[in-house]
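Observations on the three-dimensional arrangement
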Amino acid sequence: MRPDQRFIRILKQFLTGYRLDEEAFRRMHGESEGVLPTLPDADRMALKRRMKARIDAGMSSAARPAWRLQHWCYAAASIALVCCLAGAWWLADSDRPAAAPMTTAVTDLEPGSDRAQLILADGRAISLDEQRQGLLATQDGVQIRKEKDGSIVYSGQQPAGASALNHLVVPRGGRYAITLPDGTRVWLNADSRLTYPASFHGAKREVELVGEGYFEVTHDADRPFVVKVRDAAVNVLGTRFNIRAYGDLPLETALLEGSVAFNRGAASRVLKPGEQAVASIDGSFAVVPANLEKVMAWQKGYFYFEDTPIHDIMDELARWYDTDVDYVGDFGDLTFGGMVSKAERISTILNIMERTDQLRFQIEQSTGKGRRITVMKK
């Protein structure tokens, strides 16, 4: 057996828990200097981490009184050897560029949950998923409480003229619900942000949305409710509607109940229940029949895909499972349809799509780059 092969065999034995005797220790130490520099960078980095774990385990075990002296000597010899080897590697690597991030294949991703950050007018940031039920903060007479169901409720009134703006920020992999000072309820989807005053004053109630939100607006004939989104505004009195405005995707406003006016520049359209305004990035917009089951799927806890392009599906999954997506190959007009619970792990959804024999997926966790899914053609 060549020295490098023998060295690697003994090293593997050590890393799997085998204790080296004195002869093996000396032989391995002598052969290491010629073998280690020949190993690929990734292998050396991986072995370093495993060696450190074994060193820590050996030190911990050696400290136990139950160990016999002979065992302790073997552990000490192994630790000394690994320290020498690791030291040699660190010296050898000191002139090398920083190693590339280590990537590990993983099999699944957990679904999103009720997570959000509340940013108050004075700059305080509260991680809502870390807070217990009860009073969170007070702003000029307005109380902010976390309810039993986890939602946030504003109550009270600030002095006239006050305009302290709060922000509810829902990250990727999150969702949250809030009751505004006027009693209006808002549910925010993943990767969304709602800006609103701690209490409403003046002739209208105005908020601003980025991302996706479902609104149940409290009726007030004297003060219309206005949602500002991108370069448009939705004006309502009391109604239920959903607004979707992610990135460079079309701006969609679907009406479930009541009446809203969709305004964009000089153009304005009044929507009826069951209608949806779709505004493109190029400035045009149209009113079309809405598939309300599809529109409200996210708020009711499931995904709804209907001849949906694979890129749009993966964008939706990426927001909920907090991951990035890479594509290998040309997917053309490939579409999918179906419904699945958002409480499922992502593997359930990916496995369903893989059964079509058109796609395969790989999930990876990379230091420095986070979680990624690679979509590939079969």
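What you are looking at is a predicted structure, and each value in this text was computed from that prediction instead of being measured.

Before going further, it helps to spend a moment on the overall build of the protein chain. The helix and strand tally for the protein chain stands at 8 helices and 25 strands. The proportion of buried residues among the 378 residues of the protein chain is 42%. Intrachain contacts of the protein chain at a sequence separation of at least 6 include 51% that bridge at least 24 residues. For the protein chain, the exposed surface amounts to about 19,400 Å²; the carbon and sulfur share of it is 51%.

With that settled, the discussion passes to the layout of surface pockets. Leftover empty space is mapped by rolling, across the atoms, a probe with the size of a water molecule. The computed volume of the largest pocket comes to approximately 630 Å³. Around the largest pocket sit 27 residues that line it, and Arg244, Glu252, Lys294, Tyr304 and Glu316 are the ones nearest its centre. Contributions of two or more residues to the lining of the largest pocket are made by β15 (240–245), β16 (251–257), α5 (292–295), α6 (297–300), β21 (302–309) and α7 (310–321). Sort the elements by how many residues they give to the lining of the largest pocket and β21 lands first, with 7 residues. For the lining of the largest pocket, a count of residues per class yields 14 nonpolar, 4 polar and 9 charged.

Right, let's get into the side chain of Thr323. Within the fold, Thr323 resides in the loop between α7 and β22 (324–328). Those residues in contact with Thr323, other than ones at most four positions away along the chain, are Leu109, Arg172, Ala318, Arg371, Arg372 and Ile373.

Within the element layout of this structure, Ser199 appears in the loop between β11 (192–197) and β12 (205–216). Not counting residues up to four positions away in its chain, the partners in contact with Ser199 are Val142, Gln157, Gln158 and Pro181.

On to empty space enclosed by the protein. The final tally for this structure, using the stated rule, is 1 cavity of 30 Å³ or more. Roughly 40 Å³ of volume is contained in the largest cavity. If you trace the largest cavity, you find it lined by Asn189, Ala190, Tyr246, Glu316, Arg319, Trp320 and Lys342.

The next subject is the environment of Arg319. Among the secondary structure elements, Arg319 is positioned in helix α7. Along the chain, Arg319 and Gly173 lie 146 residues apart, while their C-alpha atoms are 5.9 Å from each other. Beyond its immediate chain neighbours, meaning those up to four positions away, Arg319 contacts Arg172, Gly173, Ala190, Asp191, Arg244 and Tyr246. A polar contact of 3.2 Å, which involves the side chain of Arg319, links it to the side chain of Glu316.

Between side chains of opposite charge, a pair can form as their charged atoms come close. Under the counting rule described, the total for this entry stands at 16 salt bridges. For the salt bridge of Arg240 with Glu257, the shortest nitrogen-to-oxygen distance reads 3.6 Å. Of the two residues, Arg240 sits in strand β15 while Glu257 sits in strand β16, which places them 17 residues apart along the sequence. Residue class for Arg240 comes out partly exposed when judged on its relative accessible area of 26%. A salt bridge links Arg372 to Asp324, with the nearest nitrogen and oxygen atoms 3.5 Å apart. Placement of Arg372 in strand β25 (residues 370–377) and of Asp324 in strand β22 is noted, with a sequence separation of 48 residues between them.

Conventions and cut-offs
- Residues numbered from 1 in each chain as written.
- Predicted model: local features only at pLDDT ≥ 70, side-chain atom pairs only at ≥ 80, totals over all residues.
- Heavy atoms only, no water.
- Helix = DSSP H or I, 4+ residues; strand = E, 2+ residues; numbered from the N terminus.
- Buried < 20%, exposed > 50% of the residue type's maximum accessible area, 1.4 Å probe, protein only.
- Contact = heavy atoms within 4.5 Å.
- Areas by Shrake-Rupley, 256 points an atom, 1.4 Å probe, with all protein chains shown as cover.
- 1 Å grid on protein atoms, 1.4 Å probe; cavity = no way out; pocket = protein on both sides within 12 Å on 5 of 7 lines; lining within 4 Å.
- Points joined across faces, edges and corners; volume = space filled by probe spheres on them.
- Nonpolar A, V, L, I, M, F, W, Y, C, P; charged D, E, K, R; others polar.
- Polar contact = N/O pair within 3.5 Å; in protein donor to acceptor, adjacent residues only side chain to side chain.
- Salt bridge = Lys/Arg side-chain N within 4 Å of Asp/Glu carboxyl O.

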